[in-house]
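# Structure at a glance
Here is what each chain is made of, one letter per residue.
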Amino acid sequence: MKTAFIAYIAAGVVFLAIDSVWLSIMADRFYRPLLGDRLMEGFSLAPAAIFYLIYIGGIVFFAILPALASGGLAKAAINGLALGLVAYATYDLTNHATLRDWPVAISVVDIAWGTILTGLSASAGYLAALCLREALTSK
């Protein structure tokens, strides 16, 4: 249980830190020119927090814990990349299919971003959990 908690915290810190830098830089440079008035000023905290809480749990469940059980860092990274690809493609391609004038560039960049970010976060969470597990077993 401690291992999963450490994995969750580490993956969450990495995901939030990198994503907040990305969004603060890219919101006005990339997203706003393509989305215009459809993009809010700032963001709505409650849905953002719920997304991050759920998504980080998904990273732990689908990428980190299987890698800790058998597989290692490569498995955590690959599972994280796969999860990011599926999750971000689901969001972006659904928007592309259902929203008027959804820019293809946003789908392409967002899917790539989510894939890489999730892979990095899964890797960091795995390494932190592995360090804790090794520290606990060496006592």
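Computed from a predicted structure; not experimentally measured.

### Details of the packing of helix H1 (residues 2–35) against helix H2 (residues 45–69)
Here H1 crosses H2 at 125°, and the two axes come no closer than 9 Å. Between H1 and H2, the crossing angle belongs to the class labelled oblique. For the pair H1 and H2, the sense of crossing is right-handed. Of H2, the residues touching H1 (which contributes Thr-3, Ala-4, Ala-7, Tyr-8, Ala-11, Gly-12, Phe-15, Leu-16, Asp-19 and Leu-23) are Phe-51, Tyr-52, Leu-53, Tyr-55, Ile-56, Gly-57, Ile-59, Val-60, Ile-64, Leu-65 and Leu-68. Tallied by class, residues from the contact of H1 with H2 come to 17 nonpolar, three polar and one charged.

### With respect to the UniProt feature "transmembrane region" (unreviewed entry) in the protein
In the UniProt entry, the feature "transmembrane region" (unreviewed entry) is given for residues 5–25, 45–65, 72–91 and 111–132. Here residues 5–25 is 100% helix and 0% strand, with 30 Å between the C-alpha atoms at its ends. From the first C-alpha to the last, residues 72–91 spans 29 Å; its make-up is 95% helix and 0% strand.

### Concerning the side chain of Thr-3
The residue Thr-3 is located in helix H1 in this model. A relative accessible area of 17% means that Thr-3 is categorised as buried. Excluding anything up to four places from it in sequence, Thr-3 contacts Leu-68, Ala-129, Leu-132 and Arg-133.

### Section: the nonpolar core
Ranked by internal contacts, the top residues of the largest apolar core, which has 29 residues, are Phe-15, Tyr-31, Ile-59, Ile-64 and Tyr-126. Elements represented by at least two residues in this core include exactly H1, H2, helix H3 (73–98) and helix H4 (104–137). The element best represented in this core is H2, accounting for 10 residues. Once residues within four sequence positions are removed from consideration, Tyr-126 is found in contact with Ile-64, Ala-67, Leu-68, Gly-72, Leu-73 and Ala-76.

### Digging into H3
Here H3 contains 26 residues, and its C-alpha end-to-end distance of 37 Å stays within 8% of the 38 Å for a straight helix at 1.5 Å per residue. In the core, the buried residues of H3 are packed alongside H1, H2 and H4.

### Overview of unusual backbone geometry
In this structure, Asp-101 takes a positive phi of about 60° despite not being glycine. Locating Asp-101 in the fold gives a position in the loop between H3 and H4. Owing to a relative accessible area of 60%, Asp-101 belongs among the exposed residues under this scheme.

### A look at the pattern of salt bridges
By the definition in use, this model includes two salt bridges. Among the salt bridges present, the one from Asp-28 reaches Arg-32, with a minimum N-O distance of 2.9 Å. With Asp-28 and Arg-32 both in helix H1 and four residues apart, this pair spans about one turn of that helix. Linking Arg-32 and Glu-41 is a salt bridge whose minimum nitrogen-to-oxygen distance equals 3.7 Å. On the basis of relative accessibility, which here comes to 66%, the residue Glu-41 falls in the exposed class. Via salt bridges that share partners, Asp-28, Arg-32 and Glu-41 belong to a single interconnected network.

### What about H1?
A rise of 1.5 Å per residue sets the reference length of H1, with its 34 residues, at 50 Å; its end C-alpha atoms lie only 42 Å apart and thus fall more than 12% short of the reference. Residue Gly-36 follows H1 closely and has a positive phi angle near 55°.

Thresholds applied
- Numbers given to residues run from 1 along each chain, matching the order in which its sequence is written.
- Side-chain atom pairs in this predicted model are given and counted only at pLDDT of 80 or more, local residue features only at pLDDT of at least 70, and totals for whole chains, interfaces and linings cover all residues.
- Side-chain metrics in this entry use all non-hydrogen atoms of the structure; hydrogen atoms and water are not considered.
- What counts as an axis is a line fitted to C-alpha atoms, over the stretch in contact for a helix, and the angles between N-to-C directions run from 0 to 180 degrees.
- Under the DSSP-based scheme used, a helix requires at least four consecutive residues in state H or I and a strand at least two consecutive residues in state E, with every element numbered from the N terminus.
- Orientation is classified from the angle alone, with under 35 degrees giving roughly parallel, over 145 giving roughly antiparallel, 65 to 115 giving roughly perpendicular, and any other angle giving oblique.
- The crossing is said to be left-handed when, going from far helix to near helix, the turn is anticlockwise and less than a right angle, and right-handed when the turn is clockwise.
- Throughout, a contact is declared for two residues whenever any of their heavy atoms are within 4.5 Å.
- Residues are grouped as follows: Ala, Val, Leu, Ile, Met, Phe, Trp, Tyr, Cys and Pro are nonpolar; Asp, Glu, Lys and Arg are charged; all remaining types, including Gly, are polar.
- UniProt positions are given in the numbering used here, feature names are shortened, and annotations may be inferred rather than shown by experiment.
- Exposure is judged per residue with a 1.4 Å probe applied to protein chains only, and the accessible area is read against the type maximum: over 50% gives exposed, under 20% gives buried, and values in between give partly exposed.
- For this analysis, a nonpolar core means a set of buried residues of the types Ala, Val, Leu, Ile, Met, Phe, Trp, Tyr and Cys, connected via side-chain atoms within 4.5 Å.
- Multiplying 1.5 Å by the helix residue count minus one yields the expected span of that helix.
- We define a salt bridge as a contact between a side-chain nitrogen of Lys or Arg and a carboxyl oxygen of Asp or Glu at a distance within 4 Å.

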